[in-house]
Amino acid sequence: LVASFGDRSLAGLKVLVSAGPTYEDIDPVRFIGNRSSGRMGFAVAEAAAQAGAEVTLVAGPVSLTTPAGVAQRVDVRSAAQMHAAVLAAAQADIYIGAAAVGDYRPLEVSAQKLKKHDGGELTLRLGENPDILASLSAQTAHPFLVGFAAETHDVASYAQGKLRHKGLDMIAANQVGGGLGFEAADNALTLYWADGTVELPRTSKAELARRLIAHVAERYRATRG
Ligand code: CTP
Ligand code: CA
């Protein structure tokens, strides 16, 4: 399967992409976040637009300009805000969850800056955030669902487990570390779906995104017409 310029494989389809980290506030000056730069998700949004889709991009806190051709961008901060923004735009044909959604949030958010107390420990109570992909998959009519899985170890088994447990149509897995993944210009992905897999070897995130989109389009047409 070759992705090339002039690929219009997603023409006429609405594609929703989430990208970037989420920030879970502790107080007005501190948050719990993760190391996503948003670059892979933004590249996916750009590639989907190049392939002819009408793209909505839900972005966590990133310092990236909106890719050419993206029809709509919604900026959010927390996982709860991302969840709401994705649900509001979920009448799409395809949802690609490239965001690194914070799994937990502080249960109490202080309105004032927390002050340091000498020599002690600080305990934060965290509550689990809703799973955006799983909540879409639980709806009777839902978009074709594509997840990402960034793993440090046992990549294939964790990714295939997430594909099944979250009820996804496809998952894009990558090994984090070794100059790949977060904050790197290059990435490599392995795609899994119910009865297939393909390796997308190390290349730029832009090229990788185009190849991913070509496979998403192919699987979408094969399963949803
Ligand atoms: N995801 C989501 N909502 C969450 C957490 C994750 O939609 N609250 C999505 C991510 O956008 C990604 C996929 O689920 O597409 C896998 O995310 P990941 O963090 O790898 O999986 P988790 O199920 O959170 O498991 P863990 O972090 O323990 O590996
Ligand atoms: Ca997670």
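Remember, predicted model here, so these are calculated numbers, not experimental data.

A. Spatial organisation of the site of ligand 1. Taken together, 13 residues surround ligand 1, and among them Gly97, Ala99, Pro130, Lys162 and Lys166 come closest. In the model, an oxygen atom of ligand 1 is placed 2.8 Å from a nitrogen or oxygen of the Ala99 main chain. Burial of ligand 1 by the protein amounts to 75% of the accessible area it has alone, namely 570 Å². Sorting the residues of the shell around ligand 1 by element identifies α3 (132-137) and β9 (144-151) as the ones contributing at least two each. With three residues, β9 is the single largest residue contributor to the shell around ligand 1. Of the residues assigned to the shell around ligand 1, the class counts are seven nonpolar, two polar and four charged.

B. Region of interest: the packing of aromatic side chains. Enumeration over the complete set of coordinates arrives at two aromatic pairs. Taking the centre distance of 5.9 Å and the plane angle of 75° together, the rings of Phe144 and Tyr220 count as edge-to-face. Taken together, the positions of Phe144 in strand β9 and Tyr220 in helix α5 (residues 205-224) put the pair 76 residues apart, joining distant regions of the chain. Classification of Phe144 by relative accessible area gives buried; the value is 1%. In this structure Tyr220 comes out as buried when scored by relative accessible area, which is 8%.

C. Layout of the sheet that holds strand β6 (residues 94-97). One open sheet holds the eight strands; their spatial order is β5-β4-β1-β6-β9-β10-β11-β12, and the pairing between them is mixed. Each edge of the sheet is formed by a strand with only one pairing partner; in this case those strands are β5 (72-75) and β12 (196-204). Pairwise comparison of adjacent strand axes, ignoring direction, gives a mean angle of 15° for this sheet. As defined by bridge partners, β6 adjoins β9 across four bridges and the pair is classed as parallel.

Cut-offs applied
- Residues numbered from 1 in each chain as written.
- Chains lettered and ligands numbered in written order.
- Predicted model: local features only at pLDDT ≥ 70, side-chain atom pairs only at ≥ 80, totals over all residues.
- Heavy atoms only, no water.
- Near = heavy atom within 4 Å.
- Polar contact = N/O pair within 3.5 Å; in protein donor to acceptor, adjacent residues only side chain to side chain.
- Areas by Shrake-Rupley, 256 points an atom, 1.4 Å probe, with all protein chains shown as cover.
- Helix = DSSP H or I, 4+ residues; strand = E, 2+ residues; numbered from the N terminus.
- Nonpolar A, V, L, I, M, F, W, Y, C, P; charged D, E, K, R; others polar.
- Phe/Tyr/Trp six-rings, centres within 6.5 Å; stacked < 30°, edge-to-face > 60°.
- Buried < 20%, exposed > 50% of the residue type's maximum accessible area, 1.4 Å probe, protein only.
- Pairing = 2+ DSSP bridges.
- Axes fitted to C-alpha atoms, helices over the stretch in contact; angles between N-to-C directions.

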